[in-house]
Amino acid sequence: LIEYSSPTIINSTIESCYGYNGGGFYVGAEANPVFINCIISNNGYLNGDRTINGGNGYVFNGSFSMSNSYVQNGTAESMAAGISISGADASAIFSNCSFTNNDLYSGANRAGAIYCSSGQMQIEASYFEGNNGMLGGGAIVAQNADVHIFESVFENNSVSSYGSGGAIYSSGGSLIIDRSKFLYNQTDYNGTNSEGSALCVYGYFKLTNSLVARNRGYRYPGIYYAGDDSLIVEHSTIVFNDANYES
């Protein structure tokens, strides 16, 4: 538990831990921790019990930054198997991080790697692979949050159980993506709500200098967008995305 302090955590491993909120760590009010060269792994499960919110970590109304670190093999009942971020005052920055094989427990909902609600999040030069979400995004779910993603790769992430957004699901707030790649992500469920094999976006969305390719879903492959006129796509390639639709 980190509150009312600003520790720096360097060259450390947080592994095989369990808590009701935040299996690996919990960042609370007026906290501003910095994680550098850390491994956050295999958290969120103990003797048949799973963390409810944020298998590898939970941030609530705190500020948080992580660089050159690994977040992997987390599990949780809901929100995120990796890291859950919530609260209007919450903010997070991820730089050169790897999120792999974070798997939300069957029957739960939201994201595999990161859930962000009502706060702000920036991701740069990071890699997302093999994450699995349910009823949300395979890697990231953002709800009423402002999210900026730069120079990052999303590959082989998936969402199941009526889920939309094989890599990212964003509703409300804003989603800005630049110089990033979305490859081989998929929506697994053959149902009417399974939309956007790479990205499903409701709200402001800007995509520039990016590649969206070879993603597969039940319908509306690649990118599904529903909103007003707040859609901007520039200097991007969207190609070879496949809809496996059977009526």
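Caption draft 1: Inspection of the overall build of the protein at higher detail. On a plain count of helices and strands, the protein comes out with zero helices and 33 strands. Referenced to the eigenvectors of the C-alpha coordinate spread, the extents of the protein come out at roughly 50 × 35 × 30 Å. Here the protein holds 247 residues, and the buried ones make up 53% of them. A separation threshold of at least 6 residues defines the contact pool for the protein, and within that pool the share at least 24 residues apart is 82%. When the accessible surface of the protein is totalled, it reaches about 10,000 Å², and 43% of it is carbon and sulfur. Between the centroid of the 8 positive side chains of the protein and the centroid of its 20 negative side chains there is a distance of 8 Å.

Caption draft 2: How the structure looks around the packing of aromatic side chains. Counted according to the given criterion, the structure contains 13 aromatic pairs. Centre to centre, the rings of Phe25 and Phe35 are 5.0 Å apart; their planes meet at 35 degrees, and the pair counts as tilted. Highlighted residues: Phe25 in the loop between β2 (13–15) and β3 (26–27) and Phe35 in strand β4 (residues 34–36), separated in sequence by ten residues. For the pair Phe25 and Phe35, a shared accessibility class is recorded, and that class is buried. When the centroid spacing of 4.5 Å and the interplanar angle of 5 degrees are considered together, the rings of Phe128 and Phe154 count as stacked. With Phe128 in strand β18 (residues 127–129) and Phe154 in strand β22 (residues 153–155), this pair connects stretches of sequence that are 26 residues apart. Judged on exposure class, the residue Phe128 and its partner Phe154 are both buried.

Caption draft 3: Structural view of the environment of Val59. With respect to the secondary-structure elements, Val59 resides in strand β8 (residues 57–60). For Val59, a relative accessible area of 0% corresponds to the buried category. Along the chain, Val59 and Ile2 lie 57 residues apart, while their C-alpha atoms are 9.5 Å from each other. Beyond its immediate sequence surroundings of up to four residues, Val59 is in contact with Phe25, Val27, Phe64, Ile83, Ser84, Ile85 and Ser86.

Caption draft 4: Quick peek at the pairing of β8. Pairing of β3 with β8 involves two bridges; the strand directions are parallel. In the sheet register, Val27 faces β8, and the bridge partner there is Val59. Direction of pairing for β8 relative to strand β12 (residues 83–86): parallel, over a ladder of four bridges. Across the sheet, Phe60 pairs through a bridge with Ser86, a residue of β12.

Caption draft 5: Here's a closer look at a nonpolar patch on the surface. On the surface, Leu231, Val233 and Ile238 cluster together into a nonpolar patch covering about 240 Å² of accessible area. Looking at the secondary structure, you find Leu231 in strand β31 (residues 231–234).

Caption draft 6: Expanded view of unusual backbone geometry. One non-glycine residue, Asn42, lies in the positive phi region at around 60 degrees. Positionally, Asn42 belongs in the loop between β5 (39–41) and β6 (45–46). One non-glycine residue, Asn68, lies in positive phi territory at about 50 degrees. By secondary structure assignment, the location of Asn68 is in the loop between β9 (63–67) and β10 (70–72). Here Asn68 falls in the partly exposed class, since its relative accessible area comes to 34%.

Caption draft 7: Region of the structure containing the environment of Val34. Within the element layout of this structure, Val34 appears in strand β4. Relative accessible area serves as the criterion here: at 25%, Val34 is assigned to the partly exposed category. Taking the C-alpha atoms as reference, Val34 lies 19 Å from Tyr127; in sequence the two are 93 residues apart. Setting aside residues no more than four positions away along its own chain, Val34 makes contact with Pro7, Thr8, Ile9 and Ser65.

Cut-offs and rules
Residues numbered from 1 in each chain as written. Predicted model: local features only at pLDDT ≥ 70, side-chain atom pairs only at ≥ 80, totals over all residues. Heavy atoms only, no water. Helix = DSSP H or I, 4+ residues; strand = E, 2+ residues; numbered from the N terminus. Buried < 20%, exposed > 50% of the residue type's maximum accessible area, 1.4 Å probe, protein only. Contact = heavy atoms within 4.5 Å. Areas by Shrake-Rupley, 256 points an atom, 1.4 Å probe, with all protein chains shown as cover. Lys, Arg positive; Asp, Glu negative; His and termini not counted. Charge placed at Lys NZ, Arg CZ, Asp CG, Glu CD. Phe/Tyr/Trp six-rings, centres within 6.5 Å; stacked < 30°, edge-to-face > 60°. Pairing = 2+ DSSP bridges. Patch = residues over 30% accessible without salt bridge, like charges linked within 9 Å, V, L, I, M, F, W, Y side chains within 5 Å. Salt bridge = Lys/Arg side-chain N within 4 Å of Asp/Glu carboxyl O.

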